[in-house]
Amino acid sequence: MSLLDIDDLVVEYPGKGWRRAPFRALKGVSLSIGTGETLGLVGESGSGKTTLGRAVLGLAPVSGGTIRYDGRVISTLNRAQRRALSDEIQVVFQDPYTSLNPAMTVEDILTEPLLVTGVSRVEAERRVRDLLDQVRLPADAGQRLPREFSGGQRQRIAIARALSRDPRLIVCDEPVSALDLSTQSRVLDLFIEIQERTGVAYLFITHDLAVVRHISHRVAVMYRGEIVETGDAATVTQNPEHPYTRRLLLAAPVPDPERQARRRAERLALLEGRA
Amino acid sequence: MSERRQGLTRRLLRDPVAIVCLAVLGLIVLASVLAPLLASHDPNTSSLQDTLAPPSGDHPLGADGVGRDVLARLLYGGRTSLLGALVAVAVAVALGVPTGLIAGYYRRGFDAVASWTANLLMAIPAIVVLLVVLAVVGQNMYLAMVVFGLLMAPGVYRLIRASVTSVREELYVDAARVSGLGDARIMRRHILPVVIAPTVIQAAQMFGLAIVIQSGLEFLGLGSASEASWGAMLNDAFANIYTKPILLLWPGLAVALTVAAFGLLGNALRDALNGSRRASNKAPAPTTPAAMAGPAIHIDGDELLVVRDLRVAYDQEVVGGVSLAVRRGEVLGLVGESGSGKTQTAFAILGLLPPEARVSSGQLLFDGQQLSRAAVPKLRGRRIAYVPQEPMSNLDPSFRIGAQLTEPMRRHLKLSRAAARRKALDLLARVGIEDPERVYSSYPHQISGGMAQRVLIAGAVSCDPDLLIADEPTTALDVTVQAEVLDLMRSLQSERRMGMILVTHNFGVVADICDRVAVMQTGQIVESAPVAELFANPQHPYTRMLLDSTLEDSAPRTRQEEMA
């Protein structure tokens, strides 16, 4: 049985203004993620991939279909029941600048989720030192404010916060898109290492096929609120079947002038053929 | 939290206006509190022989129209005024803050009802209500101030609701929810600290307002007869204005000083608060401001732009001696990570750096001419054009696309309105926009990001520039749109034989469009080579590290594990 099962999920946002039709962000999406597995979710802006992540986190209004976690339906929980799930499902957001409260020290940010569960402050502080070590931040980082850290380091803090409750699933919403190239690959390697050590599963949302290929076991491609293709990472990111995935793949430039010239020609040929 | 608050207090104490205001208010409060000790007379005991007595040892400020001691009344009056204002502000804050928090955080039903009530209350004329209240319940100023607080509460409510609505969109509030924090805790820890500052500022302003209104009512004789107050003093002084005008001075001065001090303190608080936002987020400083001038550049006379030894410094040097050359019809890629100085270099060439930047360049040659930096603005837009990273923020939201496209053409090319319109429509069609007429008459918010970037490219090439400087032109776009925009830039560039400098961090984009590449690290060009050579045989360790970090060629994870 898989860890997370999404079945025919529909998310609608109320229309802006009196009696306007609601906006349907997800139009019947089905997905599943196994224990310890990374499912990469690729799509362009507006495809609904972030909405899917937010629905799993209980931050988006589900108007149809179900989300099952560990066999239990979680898409209809109320706020209090949902809070109990924070042991199980955690998040790392895209923007390391707004996902950490600028007025709180790193230690406060990291102890907060522990203290709400009734852990003692001494125990929480011990755990924070351990977490900082896990994400390779210096032990004295706890006394500092988020703005004293670079983008990559802030994302490590966000990862530490997600790990603090030992979750079994982490929703990662474009966690490396705002980072520099060299930082990006180091943070991705940290994600992989943590997964291999703890067996946590990732729902890894990104627009970058190269990133998704690097970290995912399986990949789902979203287009306009629907999943158009799912499969193992190698197939989807190298020999995709769906024309949209092929277009996406051919649009990503390769860092090699000759191969890129070929890819460009292929893409133009594909577009010609369609027209 | 505590660090930020300390910073705010420290900044506030550096502002002389704030210090004076705090001192004045401190004195007034102290004098009012210590009134029984400072005043030698009872404020309400009148003695007929002292009527309108001049200042003397017994009455330091003289006596009023019914022989009461002016100093005593002034001191005790401070108590009434300050206490009354405090009541009003306390009621306004106590009602406005929690309702604003709840409405902003939960929205929906409560928000609708509360906002409707607030709007209704705001529409009621305060003075009329106060006069009615005082007429009905008798002369109870504190009750009047409670009612006035009620009428000021919607102002607080709206302010708090607006700040809460903006904070709750922040990702850290979502993260707190996912962490399992209850709503009460999220409000206390993450939302309340953000709304404290605007509340304090608003409270200072309301204090002043409450004192004015209260004095006004008392001046009209609606205050309590048994309590001294500044307004009642004004009333008495007004009755004796021809015989003893000096009596108006003391209460007038007290009201004016208090109100002005509260008002200016509010302003100083706001300034101190804005200062805290300005001070953060500095770009990482370069670590090695070495004297190395980067790889030499070869010049054979066909260069469109030659820059030698360009330096840009703020507190520290961010570009340290960059030399580069672009030929006609050549695309030069300027690659590096954030903080490498690539954007600063591009902006320095465009002459678009903020005034606090110190720029020096050994030499700037454009089209064979020696160019002074003062001459650059004259070429900008006409011979040197610019395509920005964020297409949306580079279009003015209050003007139609057409107006923004034709204005530079009419200015630089001296085209007539009709000719500029024709050319703009041609350009829009050229950059691949399917319905140029519609886009021409649209506002920026009506078009997509990719479309906006096409519009900006159309604008950049509208005056037939020789050199195009593009700063991460595709970073904000989706990959499929990025590919189309790169195709467009490539075809425009080759069709017009423009020289182009493309600033980017993406080696895929470099491989796609560039002829030459310069790699920047901490303000310097560490390697520069034709594109094929750079990818095939990178020389500098930093270039090799960057190329190794690209994930494009990494094996898919599924396969890795099957092999293992």
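For the structure, see preceding data.
Residues numbered from 1 in each chain as written. Chains lettered and ligands numbered in written order. Predicted model: local features only at pLDDT ≥ 70, side-chain atom pairs only at ≥ 80, totals over all residues. Heavy atoms only, no water.

Re the interface of chain B and chain A
Inference 1: Across the contact, 55 residues belong to chain B and 68 residues belong to chain A.
Inference 2: Counting each side, the surface lost to burial between chain B and chain A is near 5400 Å², with a carbon and sulfur contribution of 54%.
Inference 3: Taken as a group, Leu551, Glu552 and Arg557 of chain B account for 15% of the area that chain B buries against chain A, more than any other trio of residues on that side.
Inference 4: As a salt-bridge pair, aspartate 174 of chain B and arginine 54 of chain A come within 3.0 Å of each other at their nearest N and O atoms.
Inference 5: If you look at where chain B meets chain A, you find 16 residue pairs in polar contact (both at pLDDT 80 or more).
Inference 6: Broken down by secondary-structure element, the contributors of at least two residues to the side of chain B that touches chain A are α4 (70-106), α8 (171-178), α9 (183-219), α18 (479-496), α19 (507-513), α20 (531-536), α21 (541-549) and α22 (557-563) of chain B.
Inference 7: Of all the elements, α18 of chain B adds the most residues to the side of chain B that touches chain A, at eight residues.
Inference 8: Partitioning the side of chain B that touches chain A into residue classes produces 22 nonpolar, 15 polar and 18 charged. (Contact = heavy atoms within 4.5 Å. Buried area = accessible area lost by both parts, 1.4 Å probe. Salt bridge = Lys/Arg side-chain N within 4 Å of Asp/Glu carboxyl O. Polar contact = N/O pair within 3.5 Å; in protein donor to acceptor, adjacent residues only side chain to side chain. Helix = DSSP H or I, 4+ residues; strand = E, 2+ residues; numbered from the N terminus. Nonpolar A, V, L, I, M, F, W, Y, C, P; charged D, E, K, R; others polar.)

Focus: the sheet that holds strand β9 (residues 218-223) of chain A
Residues and elements named next belong to chain A.
Inference 1: Strand order in the open sheet made by the six strands is β6-β7-β8-β3-β9-β10, with mixed pairing throughout. The open sheet terminates on both sides in strands that have one partner only, identified here as β6 (89-92) and β10 (226-232). Mean inter-strand twist for the sheet, computed between neighbouring axes without regard to direction, equals 20 degrees.
Inference 2: Taken together, the five bridges between strand β7 (residues 169-173) and strand β8 (residues 201-206) define a ladder with parallel strand orientation. Within the sheet, the bridge partner assigned to leucine 169 lies in β8 and is alanine 201.
Inference 3: Helix α1 (residues 49-56) rests against β3 (38-42), β6, β7, β8 and β9 of the sheet, and its axis sits at about 150 degrees to β8. (Pairing = 2+ DSSP bridges. Axes fitted to C-alpha atoms, helices over the stretch in contact; angles between N-to-C directions.)

What about the environment of proline 391 of chain B?
Residue and element names in this part refer to chain B.
Inference 1: In this structure, proline 391 sits in the loop between β6 (384-387) and α14 (401-412).
Inference 2: Among the residues examined, proline 391 registers a relative accessible area of 4% and is labelled buried.
Inference 3: With 372 residues separating them along the chain, proline 391 and isoleucine 19 place their C-alpha atoms 45 Å apart.
Inference 4: Once residues lying within four places of it in the same chain are set aside, the contact partners of proline 391 are Gly449, Ala452, Gln453, Leu456, Ala476 and Leu477. (Buried < 20%, exposed > 50% of the residue type's maximum accessible area, 1.4 Å probe, protein only.)

Some thoughts on the packing of aromatic side chains
Residue and element names in this part refer to chain B.
Inference 1: According to the stated counting rule, one finds eight aromatic pairs over all chains in the structure shown.
Inference 2: A centroid spacing of 5.7 Å and a plane angle of 90 degrees characterise the contact between phenylalanine 347 and tyrosine 386, whose relative ring orientation is edge-to-face. Of the two residues, phenylalanine 347 is situated in helix α12 (residues 342-350) and tyrosine 386 in strand β6; the sequence distance between them amounts to 39 residues.
Inference 3: Of note, arginine 168 hangs over the ring of tyrosine 105, and the distance from its end group to the ring centre comes to 5.3 Å.
Inference 4: Positioned above the aromatic ring of tyrosine 440 is the side chain of arginine 421, whose terminal nitrogen or guanidinium carbon lies 4.9 Å from the ring centre. (Phe/Tyr/Trp six-rings, centres within 6.5 Å; stacked < 30°, edge-to-face > 60°. Lys NZ or Arg CZ within 6 Å of the ring centre and 35° of its normal.)

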